Amino acid sequence: MNQKKNDPNNRTVAENRKARFSYEVVDTVEAGLVLTGTEVKSLRQGQANIQESYASVEDGEIWLINSYLPEYLQGNRFNHEPRRRRKLLLNKREMARLAQSVEREGMTMVPLKIYFNDRGRAKLLLAIARGKKLHDKRESEKQRDWAREKGRLLRARG
């Protein structure tokens, strides 16, 4: 049980926590990432950032744009470019569904987190989301504050 927690293969590397506040998540899809060796090693060190990144459809393929994977220190001349575009691996049906929802319904594709699955492969949790309006953001903030206050009251009681 303890080994599962400390397992380097099954852990979250980068998370976009602001995405759930700014967007209403409609659906999520797990996608693979096309990475070079130094990018994988850099991910294993856990310093990636996907806060300002997004995914877009270009020529029938889906790309992760503006994600930041820092250079691997021991990579010397084989190192990668930190903000390069990375191709996402999805099957054709999933790609068509994502492209259709972005085109027709005005949704956006937002990365939620990068993690390593049970087999040690780097995966990206991609959300199909609709942007929240200001009043929706206020409402979700109100609910979060009330949940926090409710927890305090229950702890104080006993």
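Residues numbered from 1 in each chain as written. Predicted model: local features only at pLDDT ≥ 70, side-chain atom pairs only at ≥ 80, totals over all residues. Heavy atoms only, no water.

Here's the deal with the nonpolar core
Alright, step 1. In terms of nonpolar packing, the biggest core is built from 24 residues, with L43, I62, L88, L98 and I114 touching the most fellow members.
Alright, step 2. Residue assignment for this core shows that the elements contributing at least two residues are β1 (12-15), β2 (23-33), β4 (61-65), α4 (92-105), β6 (108-116) and β7 (122-131).
Alright, step 3. Residue contributions to this core peak at four residues, all from β7. (Core = buried A, V, L, I, M, F, W, Y, C linked by side-chain atoms within 4.5 Å. Buried < 20%, exposed > 50% of the residue type's maximum accessible area, 1.4 Å probe, protein only. Helix = DSSP H or I, 4+ residues; strand = E, 2+ residues; numbered from the N terminus.)

Comments concerning the side chain of S53
Alright, step 1. Secondary-structure assignment places S53 in the loop between α3 (37-44) and β3 (54-58).
Alright, step 2. With relative accessibility at 6%, the residue S53 sits in the buried group.
Alright, step 3. A distance of 2.9 Å separates a polar atom in the side chain of S53 from the backbone oxygen of I50.
Alright, step 4. Filtering out sequence-adjacent residues up to four positions away, S53 remains in contact with L64, I65, N66, S67 and P111. (Polar contact = N/O pair within 3.5 Å; in protein donor to acceptor, adjacent residues only side chain to side chain. Contact = heavy atoms within 4.5 Å.)

A closer look at the pattern of salt bridges
Alright, step 1. By the definition in use, this model includes eight salt bridges.
Alright, step 2. Across the pair R130 and E24 runs a salt bridge whose closest N-O atoms are separated by 3.7 Å. Of the two residues, R130 sits in strand β7 while E24 sits in strand β2, which places them 106 residues apart along the sequence.
Alright, step 3. The class for R130 is partly exposed, based on a relative accessible area of 36%.
Alright, step 4. Residue E58 is joined to R85 by a salt bridge in which the shortest nitrogen-to-oxygen separation is 2.8 Å. Placement of the pair is E58 in strand β3 and R85 in the loop between β4 and β5 (86-89), with a sequence separation of 27 residues.
Alright, step 5. Judged by relative accessible area, which is 37%, R85 ranks as partly exposed.
Alright, step 6. Taken together, the salt bridges that share partners define one network made up of E39, R84 and R86. (Salt bridge = Lys/Arg side-chain N within 4 Å of Asp/Glu carboxyl O.)

Geometry only, nothing functional implied.
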